[in-house]
Structure formats: structure tokens, C-alpha cells
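Below are the chains, spelled out letter by letter.
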Amino acid sequence: MSTALITGASGGIGKAFAQELAARKTNLVLVARSSEKLHQLATQLQEQYKIQVEVIVKDLTEPKATDGVFDAIKAKGLTIDLLINNAGFGDYGDFAKGDGERQLKIIQLNILALVDLTHKFLPLMRQRRTGSIINLSSITGFQPMPYLSVYAASKAFVLSFSEALWAENRDYGVRVMVVCPGPTETSFFTEAKFPQTLAEKNNKLSTPEEVVRDALQALEKGDSTVVSGGLGNKLIVNLHRFLPRESLVSVIAKKFKS
Ligand SMILES: NC(=O)c1ccc[n+]([C@@H]2O[C@H](COP(=O)([O-])OP(=O)(O)OC[C@H]3O[C@@H](n4cnc5c(N)ncnc54)[C@H](OP(=O)(O)O)[C@@H]3O)[C@@H](O)[C@H]2O)c1
């Protein structure tokens, strides 16, 4: 039986990954801050699917948190076959007026924790010549996003980093893939403090289950990148090819200014 490590598994897309992989008889290591939610999910999945589920309660924005995750997995004698770097958050608003510490935490979680966990587990996968890594980017990673500036830039990093690793690792039997969902029905918008009026404009939300289905299908095919959701999302990520960058960013700024 293989084992998947999922960060941000207490809700949203991460929880949907846990449920789908459990149904496919994959043992799980669940990481997030919410101990109660993680333990409840672990108990439910263990009973329903007769798999092993470990919980690691960690704030991945804390210094050395990724060392803690790696050490805990080593201490349990587990081998990670699939790493899903899913934990992430955004912060809506004018960067100059925003909470600077919160912007740095976005970088800490969405970029630094993801890079460090990848760097810890990838060499072990390469030694075994098998394993997969799924990183969560976003359709916001394809162009700058005024009023979500640090978040979108963090997702651009994840997109670029993951596609580079896809190419570096394909000859070593390790698949690295990046998932770029569009707006999805999770706590993301509440966490990012999106104004209600803007959140309501997103009437075409995907479900976390749809994102997970697209991701796992693309992983099986060996794709480097999957833009999840309908045709609308696929059009959005290509707009920068047809519009001058300044025009595109100005349109987005108008749309996102509350
Ligand atoms: N929803 C969307 O529209 C959308 C679109 C594109 C991409 N994405 C990306 O998809 C990923 C999952 O987001 P989601 O939509 O499922 O949002 P969500 O429902 O808010 O889930 C975020 C997960 O990350 C965990 N998390 C947050 N801060 C953490 C920290 N400091 N340390 C450890 N875990 C932390 C949360 O758990 P705890 O609070 O328990 O720690 C939760 O399990 C993110 O990378 C997000 O950027 C989302």
C-alpha cells in the first residue's frame, strides 16, 4: 500500500484529496494546524477504508516546521510515495495598506514550506526511482493579480518551480505536477478576507472534488500542469498571450478593486 503526505488536509481541496486517496486504499499522513479536524478525518477514513492515517499538527509558517514534519515521518518509519503540497492561503487588499507580517506568512507557507518539503522528499523518491509530487498553484499564477499581489506571485513561483522540476525529474521515475484550480468552493475566500461582493461574482465555483479528479487524472497521464475546471479557466490562463500585459493587469485591477 502506498502512502501520501497531504499538507492542508483539514479542509477544502486537501481534505478532498485525503478522501479520494483513502477510497483508493492509500495510507495517509495529514498535516495542518487544526488538530480536532485532522483527528476526526483520520478516524473516519481509518474506519471507512481500513487504511493507516497519521496526523501531524503543524503550523507550516513556523520556523523549522518542515523539519518537524520530516522528522516525525522518519520516526514513524514511513515512506512517502506521493507528496501533495496543498496548504496555502491568500490575503485580499491593497498591498501598501495590508498587514506586512501576513504577506510574509503567505510566502512562508505557499513558497518556503513547499520548496523545503519538496527538497526533503524528492531525493528519497529519486533514490527509489518512484514517487510523485503534486503542488497547488492557481489560475492566478499565470498573470499578476492586483489586490491579491503576493498570493498570485506566490502561485506564479509554484507554477514555474514545479514545471522546472517536472522536466528535471522525469528521467528519474519521479513525477512532479502542478495543479492550477480556478475559484473553488472552500474556505479560501473567507480566509483571504475577500469582500462579499467580489466573492459573490464567482458564481462558477468548482468543487474540491472536481479539482482532485482533474489532478489525479493528469498525474496518471504524466502531465506537468493541469488547469482545473471548465473552459473559462483555460481561457483566463491564456489571456496574457493575447493582451498587452499592462492592459490585462489594468482590467484585473478594475475588476478586483472593491
Ligand atoms: N479555493 C480556491 O478558489 C483556490 C483556487 C486556486 C488554488 N487554491 C489553492 O488550493 C490550496 C488549498 O486551498 P483551499 O481552497 O482548500 O483552502 P482552505 O479550505 O482554506 O484550506 C487551506 C488548508 O491549508 C491549511 N493551512 C492554512 N494555513 C496553514 C498553516 N500555517 N500551516 C499548515 N496548514 C495550513 C488549512 O488548515 P488549518 O487551518 O487547519 O491549518 C487548510 O487545511 C491552496 O494552496 C490554495 O492557494 C485554492
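Just above, that's the structure.
Everything numeric here is computed off the predicted structure, so don't read it as measured data. Throughout, a residue's number is its position along its own chain's written sequence, starting from 1. In keeping with the predicted nature of the model, local features appear solely for residues at pLDDT of at least 70, side-chain atom pairs appear and are counted solely at 80 or more, and the whole-chain, interface and lining totals rest on all residues. In computing side-chain properties, one takes all heavy atoms of the structure into account and sets aside hydrogens as well as water.

**Side note on the side chain of Asp214**
Summarising the element assignment, Asp214 is placed in helix H8 (residues 208-221). Among the residues examined, Asp214 registers a relative accessible area of 14% and is labelled buried. At a separation of 3.2 Å, a polar atom in the side chain of Asp214 contacts the side chain of Arg213. What makes two residues a contact is simply this: any of their non-hydrogen atoms within 4.5 Å. Beyond its immediate stretch of four places on either side in the chain, Asp214 contacts Val226, Ser228 and Gly229. Helix and strand definitions follow DSSP, with helices as H or I runs of at least four residues and strands as E runs of at least two, each counted in order from the N terminus. Per-residue accessibility, obtained with a 1.4 Å probe over protein chains only, is compared with the maximum for each type, and a residue is labelled buried under 20%, exposed over 50%, and partly exposed between these values. Here a polar contact means two N or O atoms within 3.5 Å. Within protein one must be a hydrogen donor candidate and the other an acceptor candidate, and residues neighboring in sequence count only if both atoms are side-chain atoms.

**Points about the environment of Ala32**
Along the chain, the position of Ala32 falls in strand E2 (residues 27-32). Look at Ala32 and you get buried, because its relative accessible area is 11%. Distance from Ala32 to Ser206, taken between C-alpha atoms, is 23 Å for residues 174 residues apart in sequence. What Ala32 contacts, discounting residues up to four positions off in sequence, is Gly8, Ala9, Ser10, Leu38, Ile56, Val57 and Lys58.

**A word on the site of the ligand**
One heavy atom within 4 Å of a molecule or strand is enough for the residue carrying it to be called near that molecule or strand. Around the ligand lies a shell of 31 residues, among which Arg33, Ser34, Asn86, Tyr151 and Thr186 are the nearest. Of all elements in the fold, only helix H1 (12-23), helix H5 (149-169) and helix H6 (188-191) reach the threshold of two or more residues within the shell around the ligand. At 3 residues, H6 tops the list of elements feeding residues into the shell around the ligand. Of the residues contributing to the shell around the ligand, the split by class is 12 nonpolar, 14 polar and 5 charged. Under this grouping Gly is polar, as are all residues other than the nonpolar Ala, Val, Leu, Ile, Met, Phe, Trp, Tyr, Cys and Pro and the charged Asp, Glu, Lys and Arg.

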